Structure formats: structure tokens, C-alpha cells
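A look at the structure
This is what each chain is made of:
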Amino acid sequence: MRKQFITLCFAMFATCGFAQQNLFGAQAPKSPEINADKTVTFRLQAPNAQKVQITGDFLPTQKMKTQWGEFDVPGVVDLVKDDKGLWTFTTKEALNPELYSYNLLIDGVKVTDPANVYAIRDIASTTSIFLMGGGKADLYKVNKVPHGTVSKVWYDSPTAGLKRRCTVYTPAGYETSKQKYPVLYLLHGIGGDEQAWTELGRASQILDNLIAQGKAKPMIVVMTNGNISQEACPGETSEGFVVPTMALPKTMDGYFEQAFPDVIKFVENTYRVQKDKAHRAIAGLSMGGFHSLFISINNPSTFDYVGLFSAAVDQQQKGGVASIYADRDQKIDKLFANHPKLFWIGIGKTDFLYKNNTDLRHYLDSKGHKYDYMETDGGHIWRNWRIYLSEFATKIFK
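The text that follows walks through the structure, step by step, so that each part is easy to find. Not measured: the values here are computed from a predicted model.

A count of helices and strands for the chain gives nine helices and 20 strands. Overall, the chain is about 85 × 55 × 45 Å in size when its C-alpha atoms are taken along their principal axes. Across the 398 residues in the chain, those meeting the buried criterion constitute 49%. For the chain, restricting intrachain contacts to residue pairs at least 6 apart in sequence, the fraction spanning at least 24 positions comes to 74%.

Quick look at the structure:
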């Protein structure tokens, strides 16, 4: 018995020692490495791999046709293998300031970079990320400024028949002040959830930095889950670890818009907020821009600020709450009759929704409805939506 016990101890020691070696002894190659000339080098130690490639939004794009339209997708380039099994790729040109995402393809299998612990989920895809600082990208960094608080908050939605979760940003100083704040309701796109704007959109960093610079008013930002059939984002619900998908029911058929007053009621009963039109804003990207349009025009005296970021105009589903989408143009006229302080539209030049937004602008122009417009390079991408939030946030509650 004693001999067996000693043998077991040696086995456990050997296992622990191997784990410690992996933790402290093995040195993974540095990847990504931002070089002095602002090129970036990626590395992977994979001596048995036959082919390693990289795809990312720092590479030239190519067109891909889908059932939702034509999208710009990142290109793919090869890494080069040396005699020690180290694969390497360095960008040919310096990269502009931006938050970039990428994946490696090892013999055709897409993976995150094992040397980079920083990754984000977008629907069912996980990508590695890195930040090239400077310019507008400094808004996406955690800088030495006062920081707000980001909370995951559950609320009751009797209209949806669910307890649901939203993400709430309260500005620096909220906990210790007695001040009442304006509220921005910030909505995500199809397939996203209440975590999208903080994880992919860098919303809390953008707000922290703009407020610290005096370019934006201190505000509360409420980031809802626009999938009205969900309690919360995948993995955070009573359904368990379901596979994230874009194919969710009741996304653009009026049910979310119908239930939105439940969110406003919760926020105004829970937080120190200013409860009037002049201190409410709503904005969103893609599906969230679609929701923002119809929530605002169906509640024409509720919001003084409306932001449409690559809005999925005219993409409503059949059935559902048809009254929400009926008489759109007349409802737009009624919204403008209530004199909103800002109606803001942003769209990329190659966005598959460009024509839809152009058609909406033509209607606004025909009626003399005033709006702000921003057109950027690129398509239906987070790079644009972070810019739009950065611009919109500086224009509201002034």
C-alpha cells in the first residue's frame, strides 16, 4: 500500500511539473507584433502544418454574395514557414489607427491566434483582435481618464412575457452624485445581443474618452437585446450554451418595437434620469437602426435624437405586428412635426443597404425634413459603426 502511495505521489508530481513547464517554460512566438514602422508581424509555431494563412480586416477586401446581399469580406494571404516550423507574415504597409480583427487558417481550419489571448465573439464567430493606436483609434483605448460602470441588468418585460437582460453604462461619478442624466438607447444589429456594443463596438471606451475630453455630455447608455424572443445573449440564459445564430424569430416583425416601452419604464424607474423628450436619444446599427427608426416614428414625442447607423431600412419581415410598419412616411412626417433636435444618418459607400438609405434620404429631402448625414468608406462593418457612435455621441444632449 505504501509503495502504491509513493508511486501515485510521483505521478502527481510529474503531472504538476509538466503543467508548470507549459505555464512558465514554453515561450510562444510573439503574435501579433506591432513594429516601429506600424507594420504588423504574425507568427505561428506549427512544424507539422502544411499550409498556414491569415484573414483579417487589415487586408484588401473581396466581394461575397449572400442571401442578404453582397458584402465586403477580408482577403486571405499565406504565411511563410522557416526551417524550424515557424510561420510568419508581415503586412507590406503600415496600418492606419484602428481596432483590427483576424483569424488564422491552419490547413484550412479557421482558428484564433494561439499566441494572442484577446478575442471577441460576433454571432458564432470568434476572432483575435489588436489595436493600432493613434487618431480615432485612441477613442477605443482604455486611457487614463475617469471610467464609467458597465452593468448587466435584468428587467421585466411583460409585453414579451420574459425577464430580459440589458447592458447599462453609467458615466464616471454616477454612483457618488445626485445628478440626473440623459439616456441614449443604443441598439445592435441582427445576430448581435446586449453585449455587442461593449465588446465589438468599444462603446464604454468611446463614451469614457469623449466625456473626459468634454466632447460628449455625461450620459447613461442602455444597450438592449434586440432579439425579443431571447432572455439574454447566448450562454447567459436558461437555455444554456446554445449555438449563436442569426436565424432568430421575432427580430424585425414589430414585436421588439412593441415591447420597447418596457425598457424605458424600467430605466426611468431604476436610474437617476431626466424623463423627457429632450433627454432621450435612440440609435442603432443595421437591424438596430431599423428598430430605432420605427420605435421613434411610432413614439413621435419620445426622442429628440435619432441615429441610424447603416440602418436596415425597408427590411421588415412579413406578419407580426403589421401596425408598427404601416404608414411609415406619414409617421416620419409626424415625428418631424414634433421638431426633433437631431435626425442622423450614417452609411458606408459600399454598404449593401446604401440604396435603401438613399431612398429614405430622398423622401426626407422631398418633405424638407432636416437631417445630418455622414458617408464613409467601406461597407457593413464595425469599423464604420464605431465611427458613427463617436460622431453621434458628440451631437446629442447639447
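A word on the sheet that holds strand 7 (residues 80–81). Note on sheets: strands pair through backbone hydrogen bonds, and any given pair is parallel or antiparallel. As summarised here, the arrangement of the four strands in space is 1-2-8-7, forming an open sheet in which the pairing is antiparallel. Edge strands, defined here as strands with exactly one partner in the open sheet, are strand 1 (33–34) and strand 7. By the bridge criterion, two bridges tie strand 7 to strand 8 (residues 86–90) in an arrangement that is antiparallel. Paired with valine 80 across the bridge in strand 8 is threonine 88.

Attention now moves to the environment of aspartate 333. Here aspartate 333 shows up in helix 7 (residues 328–337). Using a relative accessible area of 23% as the deciding quantity, one classes aspartate 333 as partly exposed. Sequence spacing of aspartate 333 and isoleucine 297 is 36 residues, and the spatial spacing of their C-alpha atoms is 8.5 Å. Here aspartate 333 is in contact with Tyr363, Lys367 and His369, once residues within four sequence places are set aside.

Let's shift gears to the pairing of strand 18 (residues 305–309). Where burial is concerned, most of strand 18 is hidden: five out of the five residues are buried. By the alternation rule, side chains of strand 18 split into Tyr305, Gly307 and Phe309 and Val306 and Leu308, which are all buried. Pairing between strand 17 (residues 280–285) and strand 18: five bridges, direction parallel. If you follow isoleucine 282 over to strand 18, its bridge partner there is valine 306. In this region the chain leaves strand 17, passes through helix 5 (residues 287–298) and returns to the parallel neighbour strand 18; the handedness of that crossover is right-handed. Across five bridges, strand 18 lies against strand 19 (residues 342–348) in parallel orientation. Each bridged residue has a counterpart across the sheet, and for phenylalanine 309 the counterpart in strand 19 is glycine 346.

Here the focus is the packing of helix 5 against helix 7. Relative to each other, helix 5 and helix 7 sit at 65°, their axes nearing to 8 Å. Regarding the angle of helix 5 to helix 7, the classification is roughly perpendicular. Every pair of crossing elements has a handedness; the one defined by helix 5 and helix 7 is left-handed. Note on element contacts: helix 7 touches helix 5 through Arg328, Lys331, Ile332 and Leu335, opposite Leu293, Phe294, Ser296, Ile297 and Asn298.

So, on to the side chain of serine 292. Mapped onto the secondary structure, serine 292 falls in helix 5. Residue classification places serine 292 among the buried residues on the basis of a relative accessible area of 0%. Reaching out from serine 292, the side chain makes a polar contact with the backbone nitrogen of glycine 284 at a distance of 3.3 Å. Within the local environment of serine 292, its side chain forms a polar contact with the backbone oxygen of glycine 288, the two atoms lying 2.7 Å apart. Contact partners of serine 292, with chain neighbours within four places excluded, come to Leu187, Ile282, Ala283, Gly284, Val306, Gly307 and Leu308.

Trans is the prevailing form of peptide bonds, just as negative phi is the prevailing case for residues other than glycine. A cis amide bond links serine 31 to the next residue, proline 32, at an omega of -5°. The residue proline 32 is located in the loop between helix 1 (2–25) and strand 1 in this model. At serine 286, a position not held by glycine, the phi torsion is positive, near 50°. With respect to the element layout, serine 286 can be found in the loop between strand 17 and helix 5. Residue serine 286 is classed as buried on the basis of its relative accessible area, which comes to 7%. Of note, aspartate 327 is a non-glycine position whose phi angle comes to about 55°, a positive value. Among the structural elements, aspartate 327 can be located in the loop between helix 6 (322–325) and helix 7.

Inspection of every chain in the model, using the stated rule, returns one cavity of 30 Å³ or more. In this structure, the largest cavity occupies an estimated 50 Å³ of space. Taken together, Arg121, Asp122, Ile123, Gly191, Gly192, Asp193, Gln195, Ala196, Glu199 and Leu200 form the lining of the largest cavity. Put simply, the parts of the chain that give the lining of the largest cavity at least two residues each are strand 11 (119–122) and helix 2 (196–199). Grouping the amino acids of the lining of the largest cavity by side-chain chemistry returns three nonpolar, three polar and four charged.

We now examine helix 7. Every buried residue of helix 7 is listed here: Arg328, Lys331, Ile332, Leu335 and Phe336. One side of helix 7 holds all its buried residues, which, seen down the axis, span an arc of 140°. For helix 7, the exposed residues lying more than 90 degrees away from the buried face are Gln330, Lys334 and Ala337. Packing partners of the buried residues in helix 7 comprise helix 5, helix 6, strand 19 and helix 8 (354–367). Looking one or two places after helix 7, you find histidine 339, whose phi comes out positive at around 55°.

Scanning all chains against the criterion turns up 28 aromatic pairs. On the numbers, 5.2 Å between centres and 10° between planes, the contact of phenylalanine 42 with phenylalanine 58 is stacked. Here phenylalanine 58 lies in the loop between strand 3 (52–56) and strand 4 (61–66) and phenylalanine 42 lies in strand 2 (residues 40–45), a separation of 16 residues in the sequence. Phenylalanine 58 shares its class with phenylalanine 42; the two are buried. An aromatic cluster is built from Trp197, Phe309, Trp344, Trp382, Trp385, Tyr388 and Phe392, whose rings are joined through pairwise contacts.

Reading guide: rules and limits
- Residues numbered from 1 in each chain as written.
- Predicted model: local features only at pLDDT ≥ 70, side-chain atom pairs only at ≥ 80, totals over all residues.
- Heavy atoms only, no water.
- Helix = DSSP H or I, 4+ residues; strand = E, 2+ residues; numbered from the N terminus.
- Buried < 20%, exposed > 50% of the residue type's maximum accessible area, 1.4 Å probe, protein only.
- Contact = heavy atoms within 4.5 Å.
- Pairing = 2+ DSSP bridges.
- Right-handed = clockwise from strand over helix to strand, strands pointing away.
- Axes fitted to C-alpha atoms, helices over the stretch in contact; angles between N-to-C directions.
- Parallel < 35°, antiparallel > 145°, perpendicular 65-115°, else oblique.
- Left-handed = near helix turned anticlockwise from the far one by under 90°.
- Polar contact = N/O pair within 3.5 Å; in protein donor to acceptor, adjacent residues only side chain to side chain.
- 1 Å grid on protein atoms, 1.4 Å probe; cavity = no way out; pocket = protein on both sides within 12 Å on 5 of 7 lines; lining within 4 Å.
- Points joined across faces, edges and corners; volume = space filled by probe spheres on them.
- Nonpolar A, V, L, I, M, F, W, Y, C, P; charged D, E, K, R; others polar.
- Arc of directions from axis to C-beta.
- Phe/Tyr/Trp six-rings, centres within 6.5 Å; stacked < 30°, edge-to-face > 60°.

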